[in-house]
Amino acid sequence: MGLESTTEKLDSYFTRLEKGKAQKIKPTHVEKIMKKLEAKATALRSDLEVATKETKKQRLQQKIDLVSEQLDRARWLREQIAEAKKE
C-alpha cells in the first residue's frame, strides 16, 4: 500500500468518526495503518541517508514530515476510537 492510499484510508476513518460511525472502526484497523506508516518512514529515512542530491533529500524530508503528520493523526484517531468504544 503506497503512501497515498494509506493516507486516503486514514482520511476515510476520520470521515466515519465525524459521522458518528467510530464504532465501526476497530483499533486494530488504525494500528495496521500505523505500522504501514512506520515502515514507510523507516524506508524513507534509509533513502535519505544514501541520497546525494540536495533536491532528492528535500523531497524525502517532505515525505518523512508527511508520514509523521499522518502518524500523529492516526494516534489521535486511535484514542478517539478507544474512547467511543468505552461509551
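See the structure printed just above.
Throughout what follows, the structure given in this document is the object of discussion. (Residues numbered from 1 in each chain as written. Predicted model: local features only at pLDDT ≥ 70, side-chain atom pairs only at ≥ 80, totals over all residues. Heavy atoms only, no water.)

What follows covers the pattern of salt bridges. Counting across every chain of the model gives two salt bridges. In this structure, Arg73 and Asp11 form a salt bridge, with 2.8 Å as the shortest nitrogen-oxygen distance. Here Arg73, found in helix α3 (residues 54-86), pairs with Asp11, found in helix α1 (residues 3-18); they are 62 residues apart in sequence, far enough to count as distant. Judged by its relative accessible area of 26%, Arg73 falls in the partly exposed class. On the basis of relative accessible area, Asp11 is assigned to the partly exposed category, the value being 33%. (Salt bridge = Lys/Arg side-chain N within 4 Å of Asp/Glu carboxyl O. Helix = DSSP H or I, 4+ residues; strand = E, 2+ residues; numbered from the N terminus. Buried < 20%, exposed > 50% of the residue type's maximum accessible area, 1.4 Å probe, protein only.)

The next thing to look at is the side chain of Gln70. Here Gln70 lies in helix α3. Take Gln70: its relative accessible area is 6%, and that puts it in the buried class. For Gln70, the residues in contact, after removing those within four places along its chain, are Thr7, Leu10 and Leu37. (Contact = heavy atoms within 4.5 Å.)

Purely spatial values, then, with no claim about function.
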